[in-house]
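# Coordinates in review
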Amino acid sequence: MSLHDDAVLVLKEYGDQEELRQAYLDHLQAHPDGMWKACEAGHLTASALVIDPSRGRVLLTLHKKIRMWLQMGGHCEPEDTSLKAAALREATEESGIAGLTLVTGGPVRLDRHPIPAPCHWHFDVQYAAVAPPGAVQAISDESLDLRWFTYDEVPGVADESVVRLLEATRARL
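Everything in this summary refers to the structure shown in the same document.

The next thing to look at is helix H3 (residues 83-95). In this model, H3 (13 residues) spans 18 Å end to end at C-alpha, consistent with the 18 Å of a helix rising 1.5 Å per residue. All of the buried residues along H3 are Leu83, Ala86, Ala87, Arg89, Glu90, Ala91, Glu94 and Ser95. Backbone geometry just downstream of H3 places glycine 96 in the positive-phi region, at approximately 75°.

Applying the stated criterion across every chain, the model contains seven salt bridges. Where arginine 89 meets aspartate 80, a salt bridge forms, and the shortest distance between an N and an O atom there is 2.8 Å. Taking relative accessible area as the criterion, arginine 89 reaches 16% and is therefore assigned buried. Close ionic contact of arginine 89 with glutamate 90 constitutes a salt bridge, the shortest N to O distance being 3.1 Å. Neither arginine 89 nor glutamate 90 differs from the other in exposure class; each is buried. Salt bridges sharing common partners tie together Asp80, Arg89, Glu90 and Glu93.

Below, the discussion takes up the environment of phenylalanine 149. Within the secondary structure, phenylalanine 149 is located in strand E8 (residues 143-150). In this structure, the C-alpha to C-alpha distance between phenylalanine 149 and leucine 165, residues 16 residues apart in sequence, is 14 Å. Aside from chain neighbours lying at most four places away, what touches phenylalanine 149 is Gly56, Arg57, Val58, Leu60, Trp69, Val154 and Val157.

What follows is about the pairing of strand E7 (residues 121-130). Among the 10 residues of E7, eight are classified as buried, and the element is accordingly described as predominantly covered. Pairing between strand E1 (residues 43-52) and E7: nine bridges, direction parallel. The residue of E7 that forms the bridge with alanine 46 is valine 125. Bridge count for strand E5 (residues 101-102) against E7 is two bridges, and the pairing is antiparallel. Across the sheet, threonine 101 pairs through a bridge with valine 130, a residue of E7. In this structure, strand E6 (residues 109-114) lies alongside E7, joined through six bridges in antiparallel fashion. Following the sheet pairing, proline 114 is matched in E7 by tryptophan 121. The antiparallel pairing of E6 with E7 creates a hairpin that spans six residues between the two strands.

Calculation notes
Residues numbered from 1 in each chain as written. Predicted model: local features only at pLDDT ≥ 70, side-chain atom pairs only at ≥ 80, totals over all residues. Heavy atoms only, no water. Helix = DSSP H or I, 4+ residues; strand = E, 2+ residues; numbered from the N terminus. Expected span 1.5 Å × (residues − 1). Buried < 20%, exposed > 50% of the residue type's maximum accessible area, 1.4 Å probe, protein only. Salt bridge = Lys/Arg side-chain N within 4 Å of Asp/Glu carboxyl O. Contact = heavy atoms within 4.5 Å. Pairing = 2+ DSSP bridges.

Have a look at this one:
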């Protein structure tokens, strides 16, 4: 199964955010290259909020280019076999934490946001990943900083999309 086919299947099974979910499906139908960064009309991305529920905290990255605290994530790569594999790869690479496990049940949220030209939109498929006990993070080249925040601290440092992702993740757990 291609990554495009996997994304369509994942989105068809996703049971929330109906209007936005349909916009993702419409985009993929109109753009066979809609999984890739080269698609200037927009492309799907995969991300994961790294969470440590036992300590009531999440790991956020201070993104190097946009200088905002965000969940781990990014562009799909040709070697990714599925959206969840892309999200887990991105979370592992950007957090430096081995042994992350995705929360069951598929994506937690969808978040479409504009980005600078030449592309116009990121269609982010957002997962949640649980950190193993004693996890130690390691900063990547894509980040200015990497830091654990308590649930209550997140609204003070991150934008609404991250806050909504945290809320949805906590509800899922």
